[in-house]
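# Coordinate inspection notes
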Amino acid sequence: GAAWATVAGNYLGLAILLFIGYGRKDSSISLNILTPPRYEELKAFGKAMGPLFFLSTSKNICYLMIQSVSTTFSTLTCAAHQAMWSAWAIFSFCPTPLEQCAQVFLPRHVAADYTMSKDERADWNEKRDPSMVFKRSREFVKSLFSVGLGLGLLLGTIAASTQFYPFLFTKDQALWPIMQTFWPYMMFSLTCAGVCIAFDGVLLALGDVNFLWKCQVVNVIALWAFLYLFVMQSGIGIIGVWQGVILFFGLRTLQNALRIAGPNGILPLSKSWPQWAPKDFKSVGDPDRK
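Report on the accompanying structure.

Cut-offs applied
- Residues numbered from 1 in each chain as written.
- Predicted model: local features only at pLDDT ≥ 70, side-chain atom pairs only at ≥ 80, totals over all residues.
- Heavy atoms only, no water.
- Phe/Tyr/Trp six-rings, centres within 6.5 Å; stacked < 30°, edge-to-face > 60°.
- Helix = DSSP H or I, 4+ residues; strand = E, 2+ residues; numbered from the N terminus.
- Core = buried A, V, L, I, M, F, W, Y, C linked by side-chain atoms within 4.5 Å.
- Buried < 20%, exposed > 50% of the residue type's maximum accessible area, 1.4 Å probe, protein only.
- Contact = heavy atoms within 4.5 Å.
- Salt bridge = Lys/Arg side-chain N within 4 Å of Asp/Glu carboxyl O.

When we look at a pair of aromatic rings, we describe it by the centre distance and by the angle of the planes. All told, the structure shown has 14 aromatic pairs when counted by the stated rule. Taking 5.4 Å as the distance between ring centres and 35° as the angle between the ring planes, the aromatic pair formed by Phe226 and Phe230 counts as tilted. Of this pair, Phe226 and Phe230 both sit in helix H10 (residues 209–234), separated by four residues, roughly a single helical turn.

Shown next, in the form of structure tokens:
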């Protein structure tokens, strides 16, 4: 029943999106599903989709490893884990709008300005100080970080409070003591998730997909080594699985933070000009130029 509901929900969502995007009378976009796409279109689509597909798949592989290791424990332990994992999964999706927010609003400060021709840049430079682009972009990322951190802390606090009402997830009292041991790991991982997902959106908005999928290769290997070579061999128990969740989000948060705000990052805190600014444009508006 749950599987059929998921399938129905996906098809309904697709139908609604098609109706909204192409069904309006004032829509300038026509849709003809019978017209086969051209090779150039498929090539461009594949080039854009490939890294994103790999990125999404690698994340799901990490979740698969986490869940597969959790099933190696006793039925009671696995049931307690699954009850709290369901709650954690719901909370972990809550910061997703921050990722979408970054992809919608950050390009307004970056892409629209740095994809201009030289003549357009010269005209634009007369109307607007280009040094403000970097400043506004950095301020936007700072705001996004603050919201992500705050939301992560809020979700983590709510998740931690589940130790006081495990009866909401199951009536089997034998599971409650095990469930109540997970709350510190849920809290810390969700706090990291708020920041991590917001930073994912920043890097996607700036087109830094290659960095994200390369990091995911490292993360998959690191998580596999931790779960299968340490957790399953050390006898640490189901707690090791939740430590793996923290490792997964902690690595991603650290990687994204260094990529964005590190000394050699895209929007470094210690420099006055972004690394993604074209060299020829730097001579036009760099406030530090001699």
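Next comes the rest of the account.
Let us now look at the nonpolar core. Residues Trp88, Phe182, Leu227, Trp242 and Phe249 are the most contacted members of the largest nonpolar core, which totals 37 residues. For this core, the secondary structure elements donating two or more residues are helix H2 (39–70), helix H3 (75–93), helix H7 (131–160), helix H8 (176–179), helix H9 (183–205), H10 and helix H11 (239–261). The element that contributes the greatest number of residues to this core is H3, accounting for eight residues. When residues no more than four places from it in sequence are discounted, the contact partners of Phe249 are Tyr63, Trp88, Ser189, Cys192, Ala193 and Cys196. Among the nonpolar cores identified, the runner-up in size contains 22 residues, and Leu106, Leu203, Leu204 and Val209 belong to it.

So, on to the pattern of salt bridges. Summed over all chains, the structure comprises four salt bridges. Residues Asp200 and Arg252 are paired through a salt bridge, measuring 2.6 Å at the closest nitrogen-oxygen approach. Taken together, the residues Asp200 in helix H9 and Arg252 in helix H11 connect sequence positions 52 residues apart. Take Asp200 and Arg252: they sit in the same class, and that class is buried. Between Arg259 and Asp208 there is a salt bridge; the shortest N-O distance is 2.6 Å.

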